[in-house]
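For reference, the chains in residue letters:
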Amino acid sequence: MNLFCGWTDRRSISEEGEWDALEISAASLRRENFTFDVAFTSCLRRANQTLEVVLRELNLTHIPVHQLWRLNERHYGALTGFNKRQMADIYGEPQVQVWRRSFNVPPPPIEADNPYYSAIRNNPKFRHIGESDFPLTETLETTMQRVVPEWTDTIIPEVRAGKKVLVVAHGTSLRGLVKHIQDADIMKFNLPNSIPFIFDFDENMKMVGGIRFLANQDDVLKAMEKVASIGK
């Protein structure tokens, strides 16, 4: 489909997505004998269902799960719901890549004539979001402004308590966390879909080593290239 999904929540996880969650995400974690004490995810169905697959395969369906709207995918504004290749044909591929990959250049805001506008604004999962916090478009910068405080105030205390924490979210919200944690050159950094990555922290909450992917380097690089591409 190759869509700017953003905050759309109508679609369940695709067959391909479920296969990836089962055969890549869960299989990688199981192979490395990972276990977790608590899990965090967004309020979007596709992330919730991915987490359900992973927890089921790891026999961890009993652990607490917290759904946090601040872990939602970036809001893609007027691009929401449209095909990436189609938007590149309309606006030009360089402009779409700027909207996708720049730190602080937003797409145009979503308007009421967008077919997903009403469904997003009236989604009962978002009813607790204040009007001033409800985005009409976002950049990586503004996505980080909501994701990082959730990391600092909600997730890190669990790590400090000695718990092993699993976070299942989305490409841009996770890119924001990676930039915050290790100050990556995020313009050139693409997270591979479905491949788990690990951050280790010492007792002083200093990162030990860097980001660690649970896959061989060739597979990681191929997956990163796929994410970077506009697609056909």
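Look a little higher up for the structure.
Here is what the cut-offs are and how they apply
Residues numbered from 1 in each chain as written. Predicted model: local features only at pLDDT ≥ 70, side-chain atom pairs only at ≥ 80, totals over all residues. Heavy atoms only, no water. Helix = DSSP H or I, 4+ residues; strand = E, 2+ residues; numbered from the N terminus. Rg over C-alpha atoms; globule rule 2.2 N^0.38 Å. Buried < 20%, exposed > 50% of the residue type's maximum accessible area, 1.4 Å probe, protein only. Contact = heavy atoms within 4.5 Å. Areas by Shrake-Rupley, 256 points an atom, 1.4 Å probe, with all protein chains shown as cover. Lys, Arg positive; Asp, Glu negative; His and termini not counted. Charge placed at Lys NZ, Arg CZ, Asp CG, Glu CD. Pairing = 2+ DSSP bridges.

**Regarding the overall build of the protein**
Looking only at helices and strands, the protein features eight helices and five strands. Of the regular secondary structure in the protein, the N- to C-terminal order runs α-β-α-β-α-α-α-α-β-α-β-β-α. Against the globule reference of 17 Å for 232 residues, the protein gives a C-alpha radius of gyration of 17 Å, in line with a compact fold. Dimensions of the protein, computed from C-alpha atoms along their principal axes, come out at roughly 45 × 40 × 35 Å. Of all 232 residues assigned to the protein, the portion counted as buried reaches 47%. Residue pairs at least 24 apart in sequence account for 77% of intrachain contacts in the protein once pairs closer than 6 positions are excluded. Entry remark: accessible area of the protein is about 12100 Å², with carbon and sulfur atoms responsible for 49%. Each charge class in the protein can be summarised by its mean position, and for the 28 positive and 30 negative side chains these summaries are 1 Å apart.

**Re the pairing of strand S5 (residues 207-213)**
With four bridges connecting them, strand S4 (residues 197-201) and S5 associate as antiparallel partners. The residue bridging Ile198 from the neighbouring strand is Arg212, located in S5.

Note that all results are geometric; they support no functional claim without further evidence.
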